[in-house]
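Given next are the chains, with one letter for each unit.
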Amino acid sequence: MSEVIERTEMLTPGPAIALAGLLDVPLPDVESEGLPLTWHWLYLLERPQQRDLGADGHPLRNAVPAPPGPGRRRMWAGGAVRSLGPLRVGQVASRRSRVLTTVQKTGRSGRLTFVTVGHTILQGGVPVVEERQDLVYRDVVAGRAVSDAGGATGTAGTAARLETAPEEWSVPVSPSLLFRFSALTYNGHRIHYDRDYARTEEGYPGLVVHGPLQATVMAELARARGVGGPGVAFEYRLVAPLFEDQGLLVGAVEQEGVLRTTVRDARGRHTAEGRLEPT
């Protein structure tokens, strides 16, 4: 395992207010109840120097994790978040981060590096959030983008659009929403806001919907169902890429005490899945 990198800051209400407005969801009393599940992604962020960014907008150095080599494409494959206690706005918090594992494999697109990053957030010296992030780095594939974490990229095909079910939440995806989420999370990856780059350099058909955004809306649907907060673990994975014009519909179903969440596009293709359960 790598060395631990610690960041400390005062949590202010502005980012939480902004995310509630972006997703058009209720803002809880973040000073007493704490931040909803996954909203910690707006805080304790790495803020790299511009000179440390690569052509894709990700840091090349002085970051956790640093890429395993030049010219590698980064993808967010999934992760897990466990809420141990309320993470309250208006108080100082610290995040301790380190690389837990690095595994080399070979996939359809060639060489792959799977990196697992661990984060622990503390307030008053007490852990309140534990997180695992699963990232994949792949080599550049000429002519098309490939995701070994979630299949070959591309459009949703010619299948007919499906009606939104009464229990589903349809999230309107637009370039402005993707840009604003990138800004809130300080994510410089150009595939989320630079359509020309996404198409010509990484081979995608359009702007890519963030993996963390899909995880966040799954957690938000769970919150609307009364599931979330301290004592809950949320595990999720990205199973296929989702692009700006394909629709984003979130669903959830409870099975034997576990709330299973999904994200699909308008034609029924699943792009993310998760599960929330008591710890």
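Counting from 1, residues in each chain are numbered in the order their sequence is written. Residue-level local features of this predicted model are given only where pLDDT is at least 70; pairs of side-chain atoms are given and counted only at 80 or more, and the full residue set underlies all totals for whole chains, interfaces and linings. Neither water nor hydrogens contribute to the side-chain values; these are computed over all heavy atoms in the structure.

Caption draft 1: Inspection of the packing of aromatic side chains at higher detail. When the centres of two rings from Phe, Tyr and Trp lie within 6.5 Å, Trp using its six-membered ring, the rings pair. Their planes under 30 degrees apart give stacked, over 60 give edge-to-face, and anything left gives tilted. Going through the model one piece at a time under the given rule, you end up with five aromatic pairs. Ring geometry for phenylalanine 179 against tyrosine 193: centres 6.3 Å apart, planes inclined by 85 degrees, an arrangement best described as edge-to-face. Placement of phenylalanine 179 in helix α2 (residues 175-184) and of tyrosine 193 in the loop between α2 and α3 (195-200) is noted, with a sequence separation of 14 residues between them. With a centroid separation of 5.8 Å and 50 degrees between ring planes, the pair formed by tyrosine 204 and phenylalanine 243 is classed as tilted. Of this pair, tyrosine 204 sits in the loop between α3 and α4 (211-224) while phenylalanine 243 is found in the loop between β9 (232-238) and β10 (249-255), placing the two residues 39 residues apart along the sequence. Accessibility here uses a 1.4 Å probe with only protein chains present; expressed as a share of the type maximum, an area under 20% marks a residue as buried, one over 50% as exposed, and anything in between as partly exposed. The class of tyrosine 204 is buried, set by a relative accessible area of 7%. By relative accessible area, which is 2% here, phenylalanine 243 ends up buried. Members of the aromatic cluster, connected to one another through ring pairs, are Trp41, Trp76, Phe234 and Tyr236. Positioned over the ring face of phenylalanine 114 is lysine 105, at 5.2 Å from the centre of the ring. Strands here are runs of E lasting at least two residues and helices are runs of H or I lasting at least four, both read from the DSSP assignment and numbered beginning at the N terminus. Lysine and arginine charges are scored as sitting over a ring when NZ or CZ, respectively, is within 6 Å of the ring centre and within 35 degrees of the ring normal.

Caption draft 2: Looking closely at helix α1 (residues 14-23). Within α1 the residues assigned to the buried category are Pro15, Ala16, Leu19, Ala20, Leu22 and Leu23. The buried side chains of α1 occupy one side of the element, clustering within an arc of 160 degrees when seen end-on. We call two residues contacting when some pair of their heavy atoms lies within 4.5 Å. On the buried face of α1, the contacting elements are β8 (169-170), α2 and α4. Trailing α1 by a residue or two, aspartate 24 shows a phi angle of about 55 degrees, which is positive. It is the directions from the helix axis to the C-beta atoms that the arc portrays.

Caption draft 3: Representation of the side chain of glutamate 46 in the model. Its place among the elements puts glutamate 46 in the loop between α1 and β2 (73-83). For glutamate 46, a relative accessible area of 17% puts it in the buried group. N or O atoms closer than or at 3.5 Å make up a polar contact, with two conditions inside protein: a donor-capable atom paired with an acceptor-capable one, and, for residues adjacent in sequence, both atoms drawn from side chains. At 2.8 Å, the side chain of glutamate 46 forms a polar contact with the backbone nitrogen of valine 64. With residues near it in sequence (within four places) discarded, glutamate 46 still touches Arg7, Ala63, Val64, Arg95 and Tyr186.

Caption draft 4: Looking closely at the pattern of salt bridges. We define a salt bridge as a side-chain nitrogen of Lys or Arg found within 4 Å of a carboxyl oxygen belonging to Asp or Glu. Applying the stated rule across the entire model yields 17 salt bridges. One salt bridge in this structure joins arginine 72 and aspartate 139, with 2.9 Å as the shortest N-O distance. Of this pair, arginine 72 sits in the loop between α1 and β2 while aspartate 139 sits in the loop between β5 (126-138) and β6 (146-147), and the two are 67 residues apart along the sequence. Each member of the pair, arginine 72 as well as aspartate 139, is classed as buried. A salt bridge links arginine 73 to glutamate 202, with the nearest nitrogen and oxygen atoms 4.0 Å apart. With arginine 73 in strand β2 and glutamate 202 in the loop between α3 and α4, the pair connects residues that are 129 residues apart, well separated along the chain. The class of arginine 73 is buried, set by a relative accessible area of 12%. Residue glutamate 202 is classed as buried on the basis of its relative accessible area, which comes to 3%. Each of Arg72, Arg111 and Asp139 takes part in salt bridges that share partners, so that together they form one network.

Caption draft 5: Quick peek at the environment of valine 4. Relative to the helices and strands, valine 4 resides in the segment before β1 (5-10). Residue valine 4 is classed as partly exposed on the basis of its relative accessible area of 43%. Between the alpha carbons of valine 4 and arginine 95 there is a distance of 9.7 Å; along the sequence they are 91 residues apart. Sequence-distant contacts of valine 4, defined by excluding residues within four places in its chain, comprise Arg96, Ser97 and Arg98.

Caption draft 6: Summary view of the side chain of threonine 185. Note on placement: threonine 185 falls in the loop between α2 and α3. Polar contacts involving the side chain of threonine 185 include one to the main-chain carbonyl oxygen of phenylalanine 181, which spans 2.8 Å. Residue contacts for threonine 185: discarding those within four places in its chain leaves Trp41, Leu42 and Leu45.

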